[in-house]
Amino acid sequence: MTKRLLIVAHAPSPNTVAMRDAVLAGARHPDIAGITPDVRSPFDTAAEDVMTADGIILLTTENLGYMSGAMKDFFDRTYYPVLEEKQGLPCALIIRAGNDGTGTKRGLDTILTGLRWKQVCDPLICKGEWDDAFVPSCSEIGMTLAAGLEAGVF
């Protein structure tokens, strides 16, 4: 049975597009089978998309010390419709932070605790000036979640 990995990514810049694409590449690693990654903008993601997901990766920029407005909009529209039925959903966080990412992480942790989604790895906070090392780290997150879903450990 194929499992669906939803990647909700706010990618407003070439750097965040590279991060998003790296997550997707990791999820499509040739050694991983039976996973269908689905990449969407937060604005283009509905509760139905979350309902059909077996796992989710959230990638957001840090804006004014908090998650992007796009990611907040995603949660505003989907939180209550998925609250009861998607408890335990395996998830991972990636934050592109110009500062330290703590406000964004705190906000996302609060929402994920309310949803009872299970963070299956430490959040990846890519902070400060752009570093090309962010890209393989994002790929690793995609690969980790996809491989865990494939193996049935999440």
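Just so it is clear, the model here is predicted, and its values are computed rather than measured.

**Student:** Please explain the packing of aromatic side chains as it appears in this structure.
**Tutor:** Each aromatic ring pair is described using two quantities: the centre-to-centre distance and the angle formed by the ring planes. Counted by the stated rule, this structure contains four aromatic pairs. On the basis of an interplanar angle of 75 degrees and a centroid distance of 4.9 Å, the ring pair of Y79 and Y80 is categorised as edge-to-face. Judged by relative accessible area, which is 19%, Y79 ranks as buried. Relative accessible area serves as the criterion here: at 65%, Y80 is assigned to the exposed category.

**Student:** Sorry if this is basic, but what is going on with the packing of helix α3 (residues 69-82) against helix α4 (residues 102-115) here?
**Tutor:** Across the interface, α3 lies against α4 with an axial gap of 11 Å and an inter-helix angle of 15 degrees. On the basis of the axis angle, α3 is roughly parallel to α4. Note that α3 runs across α4; the crossing there is left-handed. Within the contact between the two elements, α3 uses M71, F75, Y79 and V82 and α4 uses L108, I111, L112, G114 and L115.

What counts and how
- Residues numbered from 1 in each chain as written.
- Predicted model: local features only at pLDDT ≥ 70, side-chain atom pairs only at ≥ 80, totals over all residues.
- Heavy atoms only, no water.
- Phe/Tyr/Trp six-rings, centres within 6.5 Å; stacked < 30°, edge-to-face > 60°.
- Buried < 20%, exposed > 50% of the residue type's maximum accessible area, 1.4 Å probe, protein only.
- Axes fitted to C-alpha atoms, helices over the stretch in contact; angles between N-to-C directions.
- Helix = DSSP H or I, 4+ residues; strand = E, 2+ residues; numbered from the N terminus.
- Parallel < 35°, antiparallel > 145°, perpendicular 65-115°, else oblique.
- Left-handed = near helix turned anticlockwise from the far one by under 90°.
- Contact = heavy atoms within 4.5 Å.

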